[in-house]
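A look at the structure
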Amino acid sequence: MRFENKQILAIAEFIQTIKPKDDVSERTRLEECVIMYNSEMPDCVILKYRLMGYRDGNEIDELRFLCFDKEGDYQDVRSMIKDPNARWSFYHHCKELYMEGGVLKQKK
């Protein structure tokens, strides 16, 4: 697995846009934030995140999987894989990654 710096930087920039804010109308928390890989899309890094809390007075619980390509552009996996069963299979086969010495490695 070889990933581009653009992908990792794009993920870091995206996380800055969803991180919890100190705003009375938007009390959210980032419950889960994981970088993943799926061999079905070898050139992509997958960001799995769950945002929970309150936005504009409404309770939210968002679980999203975003696919970041080599250029750092991203798409929601839901828009890429329309069939819910195929999407579930895709999610199930994602492997969690971690950073060690500036290199992304697959968690065992």
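The structure we're discussing is the one just above.
Residues numbered from 1 in each chain as written. Predicted model: local features only at pLDDT ≥ 70, side-chain atom pairs only at ≥ 80, totals over all residues. Heavy atoms only, no water.

Concerning the overall build of the protein chain
Cut-off, in case you're wondering: The way it works is that DSSP assigns letters per residue, a run of H or I at least four long becomes a helix, a run of E at least two long becomes a strand, and they are numbered from the N terminus. Each residue is assigned to one of three classes by its accessible area relative to the maximum for its type, calculated with a 1.4 Å probe on protein chains only: buried under 20%, partly exposed between the two thresholds, exposed over 50%. Throughout, a residue-residue contact means that at least one pair of heavy atoms, one from each residue, lies within 4.5 Å.
The number of helices and strands found in the protein chain is 3 helices and 6 strands. Across the protein chain, helices and strands are ordered from the amino to the carboxyl terminus as α-β-β-β-β-α-α-β-β. Along the longest, intermediate and shortest principal axes, the C-alpha atoms of the protein chain span 40 × 35 × 25 Å. Looking at the protein chain as a whole, 34% of its 108 residues are labelled buried. Residue pairs at least 24 apart in sequence account for 46% of intrachain contacts in the protein chain once pairs closer than 6 positions are excluded.

With respect to the sheet that holds strand β6 (residues 103-106)
We count it as follows: The pairing criterion for strands is at least two bridges between them, as found by DSSP. In this description, a line fitted to the C-alpha atoms serves as the axis of each element, helices being fitted only across the stretch in contact, and the angle between N-to-C directions of two axes falls anywhere from 0 to 180 degrees.
Spatially, the 6 strands line up as an open sheet ordered β4-β3-β2-β1-β5-β6, and their pairing is antiparallel. Of all strands in the sheet, those bounded by a partner on one side alone are β4 (74-76) and β6. Within the sheet, the average angular offset between the axes of one strand and its neighbour, ignoring direction, is 40 degrees. As paired strands, strand β5 (residues 95-100) and β6 are joined by 4 bridges and run antiparallel to one another. The residue bridging Leu97 from the neighbouring strand is Gln106, located in β6. Running at roughly 5 degrees to strand β2 (residues 45-55), helix α1 (residues 5-18) makes contact with β1 (26-37), β2, β3 (58-68), β4, β5 and β6 of the sheet.

So, helix α3 (residues 84-92)
Here is the rule we go by: The directions considered for the arc are those from the helix axis to the C-beta atoms.
Regarding α3, the residues found buried are Arg87, Phe90 and Tyr91. Projected down its long axis, α3 carries its buried residues within an arc of 95 degrees, all on one side. Among the exposed residues of α3, those oriented more than 90 degrees off its buried face are Asn85, Trp88 and His92. In the core, the buried residues of α3 are packed alongside β2, β3 and α2 (77-80).

A few points about α1
Basically, it comes down to this: Take the number of residues in a helix, subtract one, and multiply by 1.5 Å to get its expected span.
Helix length check: α1 (14 residues) gives 20 Å between terminal C-alpha atoms against 20 Å at 1.5 Å per residue, within 8%. For α1, the complete set of buried residues consists of Gln7, Ala10, Ile11, Phe14 and Ile18. Considered in projection along α1, the buried side chains sweep an arc of 100 degrees and stay on one side of the axis. The exposed residues of α1 that point more than 90 degrees off its buried face are Asn5, Leu9, Glu13 and Gln16. Those residues of α1 that are buried are in contact with β1, β2, β3 and β4.

Comments concerning the environment of Lys70
As for its placement among the helices and strands, Lys70 is situated in the loop between β3 and β4. The exposure class of Lys70 is partly exposed, given its relative accessible area of 28%. In the structure, Lys70 is positioned 38 residues away from Glu32 in sequence and 23 Å away in space, judged by C-alpha atoms.

Brief notes about the pattern of salt bridges
Our working definition: The working definition used for a salt bridge is a side-chain nitrogen of Lys or Arg within 4 Å of a carboxyl oxygen of Asp or Glu.
As enumerated under the stated definition, the model contains 9 salt bridges in all. Residues Arg50 and Asp61 are paired through a salt bridge, measuring 2.8 Å at the closest nitrogen-oxygen approach. Highlighted residues: Arg50 in strand β2 and Asp61 in strand β3, separated in sequence by 11 residues. For Asp61, a relative accessible area of 46% puts it in the partly exposed group. Across the salt bridge formed by Arg78 and Asp76, the nearest N and O atoms sit 3.0 Å from each other. Members of the salt-bridge network, linked through shared partners, are Arg64, Asp76 and Arg78.

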